[in-house]
Amino acid sequence: GFGRTIPTSPEVSAFTKKPKTQEAEEGSSVVFEAETEKADAKVRWQCNSKDIASGNNYLILAEGNKHSLTIQTVTKEDASVYAVIAGGSKVKFELKVISKPGGGHFDAESALLRSLLFHFHLFVVFTKHKGEQALTGLFTEKPQSGEVTVGENITFVAKVNAESLLKKPTIRWFKGKWMDLATKCGKHLQLKETYDRSSKVYTFEMQISAAKANFAGGYRCEVSSKDKFDSCNFELTVHGESSTHHPSPLLHGNDDSGELDFSALLKKRAVQVHSEPDVDVWSILSKAPPSAFEKIAFQYGITDLRGMLKRLKKMKKDEKKSEAFLKKLDPAYQVSKGQKMKLAVEVADENVEVKWLKNGQEIQKSGRYIFESVGNMRYLTINHCSLSDDAAYTCVVGEEKCTTELFVKEPPVMIVKNLDDQMVMKGERVELECEVSEEGANVKWEKDGVELTRDESFKYRFKKDGCKHVLIINEATKEDCGHYKVKTNGGESVAELLVQEKELEVYQSIADLTVKAKDQAVFKCEVSDENVRGTWYKNGVEVKPDPRINISHIGRIHKLTIDEVKPEDEGDYTFVPDGYAFNLSAKLNFIEVKIDFVPRQDPPKIHLDCVGRTAESTIVVVAGNKLRLDVPITGDPAPTVIWTKREKVNRQCHQPKMQWVRSDQMSLTNGDGRVRVETTTGHCIFTIEGAERQDEGIYSVVVRNPAGEDTADINVKVVDVPDPPQAPKILSVGEDSCVVQWEPPQFDGGQPITGYVVERKKLKSYRWMRLNFEPFPETTYEAKRMIEGVPYEMRVYAVNSIGMSRHSPASQPFVPVAPTSEPIGLCVEDISDSSISLKWRAPERIGAAELQGYGIEYRREGTDEWIPASQGLTERTSATIRDLNTGDKLQFRVRAFNMAGPSAPATLAQPVTIREIMQRPKIWLPRALRQTIIKKVGDVVNIVIPFQVLWTSVLSYLKHNCNEKYVKNNTLLVILVKEWYTVHDHYRRTHCVVSDLIMGNEYIFRVFSTNLVGLSPEPCTTKDSVYIQKTGILYKAPNYKEHDFSEPPKFTHPLVNRSVIAGYSTTLSCAVRGIPKPKVTWYKNKMDISNEAKYRMLSKQGVLTLEIRKPCPFDGGVYTCKAVNDCGEDVVECKLEVRSPEGLLVSCL
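Residues numbered from 1 in each chain as written. Predicted model: local features only at pLDDT ≥ 70, side-chain atom pairs only at ≥ 80, totals over all residues. Heavy atoms only, no water.

- Where an unreviewed UniProt entry is consulted, the protein chain appears under the name Myosin binding protein C3, with the organism given as Oryzias sinensis.
- Recorded under Sequence similarities (unreviewed entry), the UniProt text for the protein chain is reproduced unchanged: "Belongs to the immunoglobulin superfamily. MyBP family." (UniProt positions renumbered as here; feature names shortened; annotations may be inferred.)

This is the structure we're talking about:
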């Protein structure tokens, strides 16, 4: 074998420049730089052997082979060992932090300003690195850096070879990073282009006339053509006066418009800010007018102007109140489409006139826009809001104005026309169509719960035509079978698609043949499926191969070959494809018949044997086909032929029904026009065109001549498709199925029934769906895969060897619903000598149908007959069954009923004996009554003794040898007391309130009337007693330690970087989970945007969406979503780039 040598030389480092250990002052920033040998090398930065990424205090940049790690606002915690890794090389370095002299204190505003300046510095470095990128090769001549003196002219030239380009290249000139010079053309700047047709070279020129000192700086030229792009940076140096003393602008199409020194001034101002770190920018902004904000931001290097203004808005404490408005418009309003919206402001002067603007255009009064003025209030009413009303509205009073955003919410989209079930053949085109309530609405298509999208194979196509939505499937296959669902935000519709194998097509049918003796007869047919086999029949009898008869099947062609044809080969030949209910028929005619010499006066004779009939002489013909009876006869002279027909013997009709006579070529018939009788030499032919069922019977042929006569009977049997079955009946229904039963047809067509075909359809649909493609042999069928709660109808076809019958009448409509589950918790609540009380709980699963009630049944032990305990159903979950025999041992069961019928029964575990349970009475004497009770004469004595006793028991109370007895009264125990207590004396009103009664006791009251003589003889006694109810017992549930399901937030789907066009609304989406539900906050460039009207935050089922309404280039940046709960937090972010319609890409880091 071969050995492998391991090199001993040291590994070559992947770095050409390594970062070094540095010292940094606390609060400052530090940059570590490294350069790799390869431009595309992947570099990782680590701190204490852990990977770090951009964010917080770290910023990592990579441009070509240059890499940098920047740590801003250094603290003591940042002092550590760092490392940079590229490939197999790893370089370690340290950061040492020294304390800042003077304590190092700085306020929050200064820290934010330094952070902004730091990011601007990094942007300048990034721009500088980006300018060093290698070109892609579109330029044949690049613009070169140049120098010019103040007041002189200079021209920059770029050339592009268009020989390999499909279209004219587009050129753009920039100063700095953003300033497009195409809008600055004027006195000092001109842009030109020429084209040389011979060399196919475009020449682009930028001419600067009368240069000024502030024109100096970095420029960039970009060229693009379709998918190709190239860029080149160059510098302009202006000698002469300093731009610090001449900050004059340049060109907006006139003599003094435009700014070409944007980046240069930005760099210079950035240096000024660093040299004067104690300047309080926020105090300057708070005192400056809004028109000067941009100039101040430019002067001090503040790049995020929108973020600065939001921050300043929050910091301002003494906001100046509006003089014209007492109450302004809210930042945003929302209204549903078609509803009315009313905007209101309150002005200081009730006589002042206001203007209403929509997207900057004044609104004119109309039927939809109504202006109202009530005192100091001004109203704008918008009737029947539409999507065109989604705009910014402004109320103007003099020089002041207030603005709001109106968002119009669309109503839910409803499905007006549902999908229909379909059954198609394999390879056919399928169109599933529905109609929704709104034009242009978005819908979602699903197949068996999986969303359908446009794939590369274009199998599914989605068509939208106004309110109609169509799902198109090209060339349906078996895999396309299933349930298809269309969803909107207001509903859904389901349909089933069944795909059947393609029907068999006949490319070439068999034809009638006329052959002579000893010739060859070939019947040939061609069908569409080469795998289909078939059977050949002669006069209804299967043809078997023999040395003379050959049956072949090659591809799609089927042949029956008969060699050396004989007279007995004549007849009707039929080819029947296996598995298909149709056949192909043709006639073989034998024209050469040998007739032996017959002497004169030969009696007539019928030769049935020569045509190969069966012993019973039975001819089978399919209804609709031609019946041809060809009977060979002999006789001299030529006999007269008489055909008669009578019914079969089993019909008990022996008289001829019809008679046909043929003699000397004359036809005497009393039949219909379908019958034809012909006589030729040696043959008598009887023909019926289009045989019908009534043509079945026994046909007699009589031949006569002077020498005698001969008779023969021929039994003709007409076979046909069966009669349709009777209307099917629905025996039972399930959650998604039903059992259907039908009766066989009265007439089977003369052939045994081979099976049935079942179809179903939704009640409101017109499309029938076939449920079985092979004939089903039974008369009871279980249909499955139906939708619960949707009404259906069923119908049936009968099939025999001839074909399929007409469909039966449709069944009664039915709804697939499943019975409920059995009731739970059946138990005995109470029992007596003649009754029993049962209780149970509702079933766990009710289903789509409404619960109708419960049925209670019982049976005696040892019998199988269940007896209903009550008439009808009860809706309660408890019942008392009365009038039972004492001592019977009974088993009870309860079933729940709905539209589908009874559920499974809930049965007691064991039989119950009907008798009252005997227990000894118990008295629980309280401790307070176990001692002597002392009361004064006249005091009320109330003694409460708790006891347990059945109603049949007798309770006696002995007092001074006087029995006071408790008497049963329904479910109450009443104490009859002989002593009456006075509750009121000398009471003058006709009503009173009696207090201090004992709970659980029953009382009777009586009233005496009194005057100076005394009490009335008889009192007035209450008719009914009063029972003082006891307070209920509160159940205190046991305490269980709940499982802690809490978890910190975690984003399961991150935000994705996006690039959008300005003016078109866009959304950013992510998904988060966490328990408890986390609080979500959105940030743009680390600034909270929760209260901004431009943004709308949505949250549904853990999916978070940020909607940005009509973004402009300033909305580009880094968007962050932060989720926080008690267990922790998680953050995810993405970058949004907003392109202007002209193609300008604006990005903010």
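Notes on the overall build of the protein chain
Then step 1. Across its full length, the protein chain carries 5 helices and 89 strands.
Then step 2. Taken over 1149 residues, the protein chain has a buried fraction of 37%.
Then step 3. For the protein chain, the proportion of contacts with a sequence separation of at least 24, taken over those separated by at least 6, is 61%. (Helix = DSSP H or I, 4+ residues; strand = E, 2+ residues; numbered from the N terminus. Buried < 20%, exposed > 50% of the residue type's maximum accessible area, 1.4 Å probe, protein only. Contact = heavy atoms within 4.5 Å.)

Focus on the pattern of salt bridges
Then step 1. The tally for this structure, following the rule as stated, stands at 42 salt bridges.
Then step 2. Between Lys-468 and Glu-433 there is a salt bridge, with the nearest N and O atoms lying 3.9 Å from each other. Taken together, the residues Lys-468 in strand E34 (residues 468–473) and Glu-433 in strand E30 (residues 430–436) connect sequence positions 35 residues apart.
Then step 3. Residue Lys-468 is classed as partly exposed on the basis of its relative accessible area of 37%.
Then step 4. On the basis of relative accessibility, which here comes to 29%, the residue Glu-433 falls in the partly exposed class.
Then step 5. Of the charged contacts in the structure, one is a salt bridge between Arg-674 and Asp-695, with a shortest N-O distance of 3.0 Å. Highlighted residues: Arg-674 in the loop between strand E51 (666–669) and strand E52 (675–680) and Asp-695 in the loop between strand E53 (683–688) and strand E54 (697–705), separated in sequence by 21 residues.
Then step 6. For Asp-695, a relative accessible area of 7% puts it in the buried group. (Salt bridge = Lys/Arg side-chain N within 4 Å of Asp/Glu carboxyl O.)

Quick word on the pairing of E52
Then step 1. Covered by surrounding structure in E52 are Val-675, Val-677 and Thr-679 only, the residues Arg-676, Glu-678 and Thr-680 on the alternate face being uncovered.
Then step 2. With 6 bridges connecting them, E52 and E53 associate as antiparallel partners. Opposite Val-675, over in E53, you have Ile-688 as the bridge partner.
Then step 3. Between E52 and E53, which follow one another and run antiparallel, lie 2 residues, and Gly-682 among them has a positive phi close to 85°. (Pairing = 2+ DSSP bridges.)

Looking at the confidence of the model for the protein chain
Then step 1. Taken residue by residue, the protein chain gives an average pLDDT of 79. The fraction at 70 or more is 80%.
Then step 2. Contacts from residues 610–615, a stretch scored under 50 in pLDDT, to residues over four places away or in other chains number 12 contacts.
Then step 3. This model gives residues 1143–1149 a pLDDT under 50, and the stretch forms 19 contacts once residues within four places in sequence are excluded. (pLDDT = per-residue confidence, 0-100.)

Some thoughts on the sheet that holds strand E18 (residues 228–239)
Then step 1. The 5 strands are arranged E11-E18-E17-E13-E14 in an open sheet whose pairing can be described as mixed. The open sheet has two edge strands, strand E11 (146–149) and strand E14 (179–180), and neither has a second partner.
Then step 2. Where strand E13 (residues 170–175) and E14 come together, 2 bridges link them in antiparallel fashion. Considered in E14, the bridge of Lys-175 is made with Met-179.

A word on the nonpolar core
Then step 1. In terms of nonpolar packing, the biggest core is built from 27 residues, with Phe-139, Phe-156, Trp-173, Met-206, Ile-208, Tyr-219 and Leu-236 touching the most fellow members.
Then step 2. Looking at this core, the elements that each hand over two or more residues are strand E12 (154–161), E13, strand E16 (201–208), strand E17 (217–225) and E18. (Core = buried A, V, L, I, M, F, W, Y, C linked by side-chain atoms within 4.5 Å.)

Examining the packing of aromatic side chains
Then step 1. Considering all chains together, one arrives at 20 aromatic pairs under this definition.
Then step 2. Centre to centre, the rings of Trp-536 and Phe-575 are 5.0 Å apart; their planes meet at 50°, and the pair counts as tilted. Placement of the pair is Trp-536 in strand E40 (residues 534–538) and Phe-575 in strand E44 (residues 571–577), with a sequence separation of 39 residues.
Then step 3. When its relative accessible area of 1% is taken as the criterion, Phe-575 is described as buried.
Then step 4. These aromatic residues form a ring-pair network of at least three members: Phe-32, Trp-45, Tyr-82 and Phe-93.
Then step 5. It is Arg-795 that lies over the ring of Trp-768; its NZ or CZ is 4.1 Å from the centre.
Then step 6. If you follow Arg-893 out to its NZ or CZ, it ends over the ring of Trp-866, 4.2 Å from the centre. (Phe/Tyr/Trp six-rings, centres within 6.5 Å; stacked < 30°, edge-to-face > 60°. Lys NZ or Arg CZ within 6 Å of the ring centre and 35° of its normal.)

Quick word on the sheet that holds strand E62 (residues 824–831)
By way of backbone hydrogen bonds, the strands of a sheet pair with one another, either parallel or antiparallel.
Then step 1. Ordered by their spatial adjacency, 3 strands build an open sheet running E62-E63-E66, and the pairing between neighbours is antiparallel. Two strands lie at the open edges of the sheet, namely E62 and strand E66 (878–881), each paired on one side alone. Averaged over all pairs of adjacent strands, the angle between their axes in this sheet comes to 20°, without regard to strand direction.
Then step 2. Bridge count for E62 against strand E63 (residues 836–841) is 5 bridges, and the pairing is antiparallel. What sits directly across from Val-828, in E63, is Leu-838. (Axes fitted to C-alpha atoms, helices over the stretch in contact; angles between N-to-C directions.)

A few points about the side chain of Glu-857
Then step 1. Within the fold, Glu-857 resides in strand E64 (residues 853–860).
Then step 2. What makes Glu-857 buried here is its relative accessible area of 12%.
Then step 3. A distance of 2.7 Å separates the side chain of Glu-857 from the side chain of Arg-893, its partner in a polar contact.
Then step 4. For Glu-857, the contacting residues outside a window of four places in its chain are Trp-866, Ile-867, Pro-868, Ala-869, Gln-891, Phe-892, Arg-893 and Arg-895. (Polar contact = N/O pair within 3.5 Å; in protein donor to acceptor, adjacent residues only side chain to side chain.)

Considerations on a nonpolar patch on the surface
Then step 1. Among the surface-exposed residues, Ile-933, Val-941 and Ile-943 lie close enough to one another that they form a single nonpolar patch of about 230 Å² accessible area.
Then step 2. Structurally, Ile-943 is set in the loop between strand E71 (922–923) and strand E72 (947–948). (Patch = residues over 30% accessible without salt bridge, like charges linked within 9 Å, V, L, I, M, F, W, Y side chains within 5 Å. Areas by Shrake-Rupley, 256 points an atom, 1.4 Å probe, with all protein chains shown as cover.)

A short note on unusual backbone geometry
Then step 1. At the junction of Ile-1075 and Pro-1076, the peptide bond is cis and its omega measures out at -5° in the coordinates.
Then step 2. Tracing the backbone shows Pro-1076 in the loop between strand E82 (1066–1075) and strand E83 (1079–1084).
Then step 3. Despite not being glycine, Asn-359 shows a phi value in the positive range, around 50°.
Then step 4. With a phi close to 60°, Asp-996 is a non-glycine residue in the positive phi region.
Then step 5. Its location among the elements puts Asp-996 in the loop between strand E75 (972–975) and strand E76 (1002–1003).
Then step 6. Exposure remark for Asp-996: the relative accessible area of 74% places this residue in the exposed category.

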